[in-house]
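Residues per chain are reported as follows:
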Amino acid sequence: MNKPMTRRECLLECVALGSLRLMPGLALAESVLAVETQERNAPLKPTPPNEIGPFYKQLAPNNAHLRAANDPGLPLSVGGRVLSTRGDLLPAAKVEIWQADHLGVYDLDGYRYRASLSSDAAGRYSFDSVMPGHYPGRVCQHIHYVVTAPGHKRLVTQLYFATDPAFEGNPDRNYVRDPIVMSRDLVRPVMLVGDPNAIHASVDFDVVLQRL
Ligand SMILES: [Fe+2]
């Protein structure tokens with residue numbers, strides 16, 4: 001397999017093929033370096049907030065395995081990074097998550113499908129769960145998040161799934177069907193992984209926090 005191009009090689013290729021043109025007087029090497037630097041320093045867009053809903057509970061366990069061995073529903077793994085808008089990885093951020101089970105039922109007595117995790121030294125977090133079900137009063141499947149890190153604003157948000165039947169295959173157009181989904185950015189692609197006898201869903205969800 002070919003090694004992927006570096007950004008610099010890609011830019012040079014663009015120049016060679018005419019899809020990137022330089023104004024007369026601009027030197028190639030300096031221009032490519034300037035593009036690289038500006039892209040690296042471009043601020044990341046903060047993750048949009050979304051309402052907290054009625055089912056948040058404090059003091060959830062720090063256990064990334066929300067799904068027990070025989071739990072019904074489509075197994076789901078979610079992971080991502082916690083970052084600042086400057087692109088800094090944020091280790092030891094607190095990532096609180098809670099969701100309904102595959103039938104759309106929240107555990108209000110205990111802590112099933114609830115966790116309070118910490119991002120690792122590389123700013124990463126991950127957990128294993130099941131695809132949450134729909135429930136009355138909400139149109140879309142979702143996982144709730146509260147993310148906190150020193151020096152950054154607390155983020156309350158929700159993760160949605162592009163495969164949600166409510167979107168009928170077109171989340172770009174239909175994400176507004178749930179009046180609580182205010183941003184398309186919160187609807188993430190779903191990848192099916194594993195072999196056909198043990199398939200599960202995988203979702204990446206980076207969280208970008210604003211500095212205080
Ligand atoms: Fe909810």
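Residues numbered from 1 in each chain as written. Predicted model: local features only at pLDDT ≥ 70, side-chain atom pairs only at ≥ 80, totals over all residues. Heavy atoms only, no water.

A. Quick peek at the coordination of the iron ion. For the iron ion, every protein donor is listed as Tyr-106 (OH), Tyr-135 (OH), His-142 (NE2) and His-144 (NE2), and the spread of their distances is 1.9 to 2.2 Å. Taken together, the four donor atoms coordinating the iron ion span angles of 90 to 153 degrees at the metal, a pattern that classifies the geometry as irregular. In primary-sequence terms, the residues that donate to the iron ion follow Y-x28-Y-x6-H-x1-H. Placement of the pair is Tyr-106 in the loop between β2 (94-98) and β3 (114-118) and His-144 in strand β5 (residues 143-148), with a sequence separation of 38 residues. The same class applies to Tyr-106 as to His-144, namely buried. (Donors = N, O, S within 2.8 Å, 3.2 Å for Na, K, Ca; no water. Tetrahedral: all angles 85-135°; square planar, octahedral: opposite > 155°, others 65-115°. Helix = DSSP H or I, 4+ residues; strand = E, 2+ residues; numbered from the N terminus. Buried < 20%, exposed > 50% of the residue type's maximum accessible area, 1.4 Å probe, protein only.)

B. Geometry of the environment of Leu-83. Among the secondary structure elements, Leu-83 is positioned in strand β1 (residues 75-84). Taking the C-alpha atoms as reference points, Leu-83 and Val-95, 12 residues apart in sequence, are found 12 Å from one another. With residues near it in sequence (within four places) discarded, Leu-83 still touches Leu-44, Asp-88, Leu-89, Leu-90, Asp-206, Val-207, Val-208 and Leu-209. (Contact = heavy atoms within 4.5 Å.)

C. Highlighting unusual backbone geometry. Non-glycine residue Leu-59 carries a positive phi angle of around 65 degrees. Secondary-structure assignment places Leu-59 in the loop between α2 (28-41) and β1. Classification of Leu-59 by relative accessible area gives exposed; the value is 75%.

D. Examining the sheet that holds strand β7 (residues 187-188) more closely. In spatial order, the strands read β3-β2-β5-β6-β7; together these five strands make up an open sheet with mixed pairing. In this open sheet, the two strands that pair with only one neighbour each are β3 and β7. (Pairing = 2+ DSSP bridges.)

E. Structural context of the packing of aromatic side chains. For the structure on display, the rule yields seven aromatic pairs. With centroids separated by 5.3 Å and ring planes inclined at 80 degrees, the aromatic side chains of Tyr-106 and Tyr-135 adopt a geometry described as edge-to-face. In this pair, Tyr-106 sits in the loop between β2 and β3 while Tyr-135 sits in the loop between β4 (124-130) and β5, placing the two residues 29 residues apart along the sequence. The class for Tyr-106 is buried, based on a relative accessible area of 9%. Tyr-135 gets classed as buried once you look at its relative accessible area, which sits at 13%. (Phe/Tyr/Trp six-rings, centres within 6.5 Å; stacked < 30°, edge-to-face > 60°.)

F. A look at the nonpolar core. In terms of nonpolar packing, the biggest core is built from 37 residues, with Val-78, Ile-97, Tyr-125, Phe-127, Ile-143 and Tyr-145 touching the most fellow members. Per element, the largest residue contribution to this core is four residues, and it comes from strand β6 (residues 155-161). In this structure, Val-78 is in contact with Tyr-125, Ser-126, Phe-127, Ile-143, Tyr-145, Leu-159, Val-203 and Phe-205, ignoring residues within four places of it in sequence. Counting six residues, the second largest nonpolar core, distinct from the first, contains Trp-98, Ala-100, Tyr-106 and Tyr-135. (Core = buried A, V, L, I, M, F, W, Y, C linked by side-chain atoms within 4.5 Å.)

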